[in-house]
Amino acid sequence: STDLFWKGGMRMKATEQLKAEHDGIRIILNVLDRISADIKGGKGANREHLGQIVEFLKVFVDKCHHAKEEDVLFPALEAAGIPREGGPIGVMLSEHETGRGHVRSMAEALSADREGGRDALAGFAVAAMAYRNLLDQHIDKENNILYVMADDRITEEEQEKLFLEFEKIESDKIGAGTHERFHALIDDLEKIYLGRG
């Protein structure tokens, strides 16, 4: 809900919204960690949860969060003089592509599992851990390097414009209510797997 993006009556900066989304993504990464450990330990996994996580990664992380960065923030950074090639933006874009590959592998493993493929869940766990390790470091780089550069170089007024463009991406790319549904999923999975909440 929009109250996620307001702090003490003030609208969050665009970079603060992205950091808040990272917090939610990190919870899902920790859930993936637990599920992968269970699969490796022979405990199996809840297939419905695996499907929900893959949907979250495809829709929330990629279509929404990465779109905000790739379509709005990164071009603004380039306009502010931060190069795409050979700079941090190029690295982030490359890591987004690598992450998409891991998510495709997770989705393929789930399909294989539904068709009765032996060891398909083990393949899911391998892809999930590769994704988790990538994203964990990726988020650190964005939070501590790229967003700091953005805050240094992009004015408050510009951040306000970026924020409005972020809201447009949410409504256009993932639709009304989707963000809220994913926040509920994060809360549910956090309680089930991480014993919080």
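Given the structure is predicted, the values throughout are model-derived calculations rather than measurements.

## Notes on the pattern of salt bridges
Line of reasoning, step 1. Following the criterion strictly, the structure yields 18 salt bridges and no others.
Line of reasoning, step 2. Across the pair arginine 100 and glutamate 97 runs a salt bridge, and its minimum N-O distance is 2.6 Å. Remark: glutamate 97 and arginine 100 occur in helix α3 (residues 88-114); sequence separation between them is three residues, near one turn of the helix.
Line of reasoning, step 3. One salt-bridge network, in which partners are shared between bridges, spans Arg26, Asp33, Arg132, Asp136 and Asp140.

## Observations concerning the packing of helix α2 (residues 47-79) against α3
Line of reasoning, step 1. Put simply, α2 and α3 touch, their axes get as near as 11 Å, and they point 165° apart. Judged on the interaxial angle alone, α3 and α2 are roughly antiparallel. Seen along the crossing, α2 lies across α3 with a hand that is left-handed.
Line of reasoning, step 2. Its residues placed into classes, the contact of α2 with α3 shows 12 nonpolar, three polar and eight charged.

## A look at the nonpolar core
Line of reasoning, step 1. The biggest cluster of nonpolar side chains holds 38 residues, and the ones touching the most others in it are Phe56, Leu57, Met106, Phe124 and Tyr131.
Line of reasoning, step 2. Sequence-distant contacts of leucine 57, that is, excluding residues within four places in its chain, are made with Ile28, Leu32, Asp62, Val103, Met106 and Tyr131.
Line of reasoning, step 3. Val72, Leu77, Leu93 and Ile154 belong to the second largest nonpolar core, which has 19 residues in total.

## With respect to the confidence of the model for the chain
Line of reasoning, step 1. Overall, the predicted model of the chain reaches an average pLDDT of 91, with 94% of residues at or above 70.
Line of reasoning, step 2. For the stretch residues 1-9, pLDDT sits under 50, and the model shows 16 contacts to residues farther than four places along the chain or on other chains.

## Notes on unusual backbone geometry
Line of reasoning, step 1. Located in the positive-phi region is aspartate 119, a residue other than glycine, with phi close to 65°.
Line of reasoning, step 2. Examined against the element boundaries, aspartate 119 turns out to sit in the loop between α3 and α4 (120-153).
Line of reasoning, step 3. By relative accessible area, aspartate 119 is classed as exposed at 59%.

## Quick notes on helix α5 (residues 156-174)
Line of reasoning, step 1. Along its 19 residues, α5 runs 26 Å from first to last C-alpha, staying within 8% of the 27 Å computed at 1.5 Å per residue.
Line of reasoning, step 2. Positive backbone phi, at 85°, marks glycine 175, one or two positions downstream of α5.

## Some details on the environment of aspartate 136
Line of reasoning, step 1. Structurally, aspartate 136 is set in helix α4.
Line of reasoning, step 2. Discounting residues that sit within four places of it in the chain, aspartate 136 has contacts with Arg26 and Leu29.

## Quick notes on the packing of helix α1 (residues 14-40) against helix α6 (residues 178-194)
A pair of packed helices is captured by two measures, namely the crossing angle of their axes and the spacing between those axes.
Line of reasoning, step 1. At a minimum axis distance of 10 Å, the contact between α1 and α6 shows a crossing angle of 40°. In this view, α1 runs oblique relative to α6, as classed from their interaxial angle. Between α1 and α6 lies a crossing whose hand is left-handed. Contacts between α1 and α6 involve Glu21, Gly24, Ile27, Ile28, Asn30, Val31, Arg34 and Ile35 from the former and His179, Ile186, Leu189, Glu190, Tyr193 and Leu194 from the latter.
Line of reasoning, step 2. Class assignment of the residues belonging to the contact of α1 with α6 gives a composition of eight nonpolar, three polar and three charged.

## Notes on the packing of aromatic side chains
Each pair of aromatic rings is reported with the distance of its centres and the angle of its planes.
Line of reasoning, step 1. Enumeration over the complete set of coordinates arrives at three aromatic pairs.
Line of reasoning, step 2. Geometrically, the ring pair formed by phenylalanine 56 and phenylalanine 60 is stacked, given 5.0 Å between the ring centres and 20° between the ring planes. Here phenylalanine 56 pairs with phenylalanine 60, and both are found in helix α2, just four residues apart, close to one helical turn.
Line of reasoning, step 3. On the accessibility criterion, phenylalanine 56 (0% relative accessible area) is buried.
Line of reasoning, step 4. Judged by its relative accessible area of 2%, phenylalanine 60 is buried.
Line of reasoning, step 5. By the ring-pair criterion, three or more aromatic residues cluster together here, those being Phe56, Phe60 and Phe182.
Line of reasoning, step 6. If you follow arginine 181 out to its NZ or CZ, it ends over the ring of phenylalanine 182, 4.8 Å from the centre.

Quick notes on the rules
Residues numbered from 1 in each chain as written. Predicted model: local features only at pLDDT ≥ 70, side-chain atom pairs only at ≥ 80, totals over all residues. Heavy atoms only, no water. Salt bridge = Lys/Arg side-chain N within 4 Å of Asp/Glu carboxyl O. Helix = DSSP H or I, 4+ residues; strand = E, 2+ residues; numbered from the N terminus. Axes fitted to C-alpha atoms, helices over the stretch in contact; angles between N-to-C directions. Parallel < 35°, antiparallel > 145°, perpendicular 65-115°, else oblique. Left-handed = near helix turned anticlockwise from the far one by under 90°. Nonpolar A, V, L, I, M, F, W, Y, C, P; charged D, E, K, R; others polar. Core = buried A, V, L, I, M, F, W, Y, C linked by side-chain atoms within 4.5 Å. Buried < 20%, exposed > 50% of the residue type's maximum accessible area, 1.4 Å probe, protein only. Contact = heavy atoms within 4.5 Å. pLDDT = per-residue confidence, 0-100. Expected span 1.5 Å × (residues − 1). Phe/Tyr/Trp six-rings, centres within 6.5 Å; stacked < 30°, edge-to-face > 60°. Lys NZ or Arg CZ within 6 Å of the ring centre and 35° of its normal.

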